[in-house]
Amino acid sequence: MAIQLIVASPEPRFRDFAREQVAHISTVELVAEYEDAGGNLHVRILHDRELYPHAAVLLDISSDPEQGLSTLERLIEAAPGMYVILSDHQMSGDFLLRAMRMGSSDFLQLPLKLADFHEAMARLEQHMARLHSQERQIGKIYSFASVKGGIGATTAAINFAAICARQGKSTVLLDLDLDSGDAAAYLGLRHQYSIADAVENLDRLDQSMLEGILARDALGFSVLCAPEEIEKSRLIGEQQVRDIASILVERFDVVVVDGSRGLDGLLLSCLELSNSIFLMLTQEFPALRNAQHYLNALVRAGFGHEAVKIVVNRHAKRGALYATLEQVQQTLGMKPFWVLPNQYEEAMNAVHEARPIVMRAKSELGQSYRGFGKKLGFDGQPASAAATAGRGK
Ligand SMILES: Nc1ncnc2c1ncn2[C@@H]1O[C@H](COP(=O)(O)OP(=O)(O)O)[C@@H](O)[C@H]1O
Ligand SMILES: [Mg+2]
């Protein structure tokens, strides 16, 4: 798709030059020209952006630099991230700095020169290419939280990650149970590095360093493990969790979060970025009561019902000690999204063998997990090579 450019200058020679040069660049097209730099120029440009949401602007401010800066300011205010190239005669360092702070993306010195103009267009193309690649690569975050320990969040996160990986999605499991993370142990992974190392190196965490820190499961998904030294967990705060989750979601199709910890600020800061939050509970009355508190807290924190989904684990069909599924629905005000059968032996065997249950064709629990994945659009079948080519890991 061509990059759209809007040109504004009171100088006919400026507009002619831009039009002629753009005509030679197949990747850029001129979509609007304005001959003045008047007080309402920003309104007209913003109207154009409704038609061309990614259009960049080349703005000749030489006739009235202060007016030009004011146009720039209003454009960026209304459309943060808009790519604006300012053009003027010699600009002082102070002026350049002001323009930069107001959000100008590039500068072109007057009189326009061929080489300068083409270099500016090349920078614009690079910028747009980066934007598009980010748009393509942003993945989805699925978080599993449990209303108390031992409910089954880690088991669920592992099995869901395995389903996604089997389908050819680049998948990472983030173990947020920082004090007693089980994910690596359940998968039999020996790991040297953890989220603590990622946090310590946040400012230089490029692809190769991240790959070095991640453990890799035989099923093809990566795991960002919890630290083995508990004191290292204390170094990890809410902002670091946000940063790590953002880095992962930019690089993987699917980020699965093992959120088997209390609903504290740290977990909430990760849930904020999640597309779906699975709140896991069992039918025991204390678990149901906790689930109600959790849901209320999530609503108070601004999470809508479309993001939060209830998963009942270890389904007990009957018994006075358990709430029925109808009672669960009534108490929580929403129907469980999925109900997993009670299969303790299968679940424990899977841990013992360090192999997700979903990989066992005959297991009832495995089958239920496959159904869960399918409901979310992951049928666990490898996608065609062509469809998955070109993505990260
Ligand atoms: N559907 C299930 N049926 C029976 N036992 C299960 C089931 N899912 C998990 N378990 C078992 O319950 C225990 C706690 O599971 P785990 O995933 O570690 O929970 P959490 O992460 O919420 O603390 C483990 O022993 C696990 O094998
Ligand atoms: Mg756990």
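Worth saying up front: this structure is predicted, and the values here are computed from it rather than measured.

Visitor: Go over the pattern of salt bridges with me, naming the residues and quoting the values.
Guide: Pairing between side chains of opposite charge can happen when the charged atoms of each approach one another. Tallied over the full model, the rule gives ten salt bridges. Of the charged contacts in the structure, one is a salt bridge between D106 and R123, with a shortest N-O distance of 2.7 Å. With D106 in strand β5 (residues 106-109) and R123 in helix α5 (residues 114-137), this pair connects stretches of sequence that are 17 residues apart. Among the residues examined, D106 registers a relative accessible area of 9% and is labelled buried. Owing to a relative accessible area of 35%, R123 belongs among the partly exposed residues under this scheme.

Visitor: Explain the sheet that holds strand β12 (residues 308-315) to me, using residue names and the numbers behind them.
Guide: What the eight strands build is an open sheet, ordered β8-β9-β7-β10-β6-β11-β12-β13; its pairing is mixed. At either margin of the open sheet sits one strand with a lone partner, and together these are β8 (215-216) and β13 (338-341). Bridge count between strand β7 (residues 171-175) and strand β10 (residues 254-259): five bridges; the pairing is parallel. Its bridge partner lying in β10, T171 is registered against V254. Strands in contact with helix α13 (residues 285-300) are β6 (140-146), β11 (276-281) and β12; relative to β11, the strand with the most contacts, it is inclined by about 155 degrees. Docked against the sheet, helix α16 (residues 364-375) engages β6, β11, β12 and β13, running at close to 165 degrees with respect to β13.

Visitor: I'd love a proper account of the coordination of the magnesium ion (ligand 2), names of residues and values included.
Guide: For the magnesium ion (ligand 2), every protein donor is listed as T154 (OG1) and S260 (OG), and the spread of their distances is 2.0 to 2.4 Å. You can see T154 sitting in helix α6 (residues 153-166) and its partner S260 sitting in the loop between β10 and α12 (265-271), a full 106 residues away along the chain. Classification of T154 as buried rests on a relative accessible area of 6%.

Visitor: Just give me the short version of the site of ligand 1, but keep the residues and values in it.
Guide: Near ligand 1 lie 19 residues; those nearest to it are G150, G152, T154, T155 and Y186. The separation between a nitrogen atom of ligand 1 and a polar side-chain atom of N313 is 2.9 Å. Within the backbone of Q343, a nitrogen or oxygen atom sits 2.9 Å from a nitrogen atom of ligand 1. Here ligand 1, which alone exposes 570 Å², has 92% of that area covered by the protein. Mapped onto the shell around ligand 1, the elements with two or more residues apiece are α6, β12 and α15 (344-353). Its residues assigned to classes, the shell around ligand 1 comprises eight nonpolar, ten polar and one charged.

Visitor: Go over helix α11 (residues 238-251) with me, naming the residues and quoting the values.
Guide: Residues that lie three or four places apart on an α-helix share one face, since the helix turns once every 3.6 residues. Spanning 14 residues, α11 covers 20 Å between terminal C-alpha atoms, matching the ideal 20 Å at 1.5 Å per step. Those residues of α11 not exposed but buried are V241, I244, A245, I247, L248 and V249.

Visitor: Let's hear about the pairing of β13: which residues, and what values?
Guide: As a general feature of sheets, a regular strand has side chains that alternate between the two faces. Sheet analysis places β12 next to β13, joined by three bridges and oriented parallel. Considered in β13, the bridge of H315 is made with P341.

Visitor: If you had to explain the pairing of strand β4 (residues 84-88) to someone new, which residues and values would you point to?
Guide: Extensive coverage of β4 is indicated by the burial of five of its five residues. Burial along β4 is two-sided: the face carrying V84, L86 and D88 and the face carrying I85 and S87 are both buried. Bridge count between strand β3 (residues 56-60) and β4: four bridges; the pairing is parallel. Looking at β4, one finds that L59 is bridged to L86. Regarding the hand of the β-α-β motif, the stretch spanning β3, helix α3 (residues 65-78) and β4 is right-handed. One ladder, built from four bridges, connects β4 with β5; its direction is parallel. From the neighbouring strand, S87 faces β5, where its bridge partner is L108. One crossover worth recording links β4 to the parallel β5 by way of helix α4 (residues 93-102), and it is right-handed.

Visitor: So what about the side chain of D217? Which residues, and what values?
Guide: Within the secondary structure, D217 sits in the loop between β8 and β9 (222-224). A distance of 2.8 Å separates the side chain of D217 from the backbone nitrogen of L219, its partner in a polar contact. Each residue touching D217, except ones within four places of it in the same chain, is listed here: L187 and L189.

Scoring rules and cut-offs
Residues numbered from 1 in each chain as written. Chains lettered and ligands numbered in written order. Predicted model: local features only at pLDDT ≥ 70, side-chain atom pairs only at ≥ 80, totals over all residues. Heavy atoms only, no water. Salt bridge = Lys/Arg side-chain N within 4 Å of Asp/Glu carboxyl O. Helix = DSSP H or I, 4+ residues; strand = E, 2+ residues; numbered from the N terminus. Buried < 20%, exposed > 50% of the residue type's maximum accessible area, 1.4 Å probe, protein only. Pairing = 2+ DSSP bridges. Contact = heavy atoms within 4.5 Å. Axes fitted to C-alpha atoms, helices over the stretch in contact; angles between N-to-C directions. Donors = N, O, S within 2.8 Å, 3.2 Å for Na, K, Ca; no water. Near = heavy atom within 4 Å. Polar contact = N/O pair within 3.5 Å; in protein donor to acceptor, adjacent residues only side chain to side chain. Areas by Shrake-Rupley, 256 points an atom, 1.4 Å probe, with all protein chains shown as cover. Nonpolar A, V, L, I, M, F, W, Y, C, P; charged D, E, K, R; others polar. Expected span 1.5 Å × (residues − 1). Right-handed = clockwise from strand over helix to strand, strands pointing away.

None of the figures reported here should be taken as evidence of function without further support.
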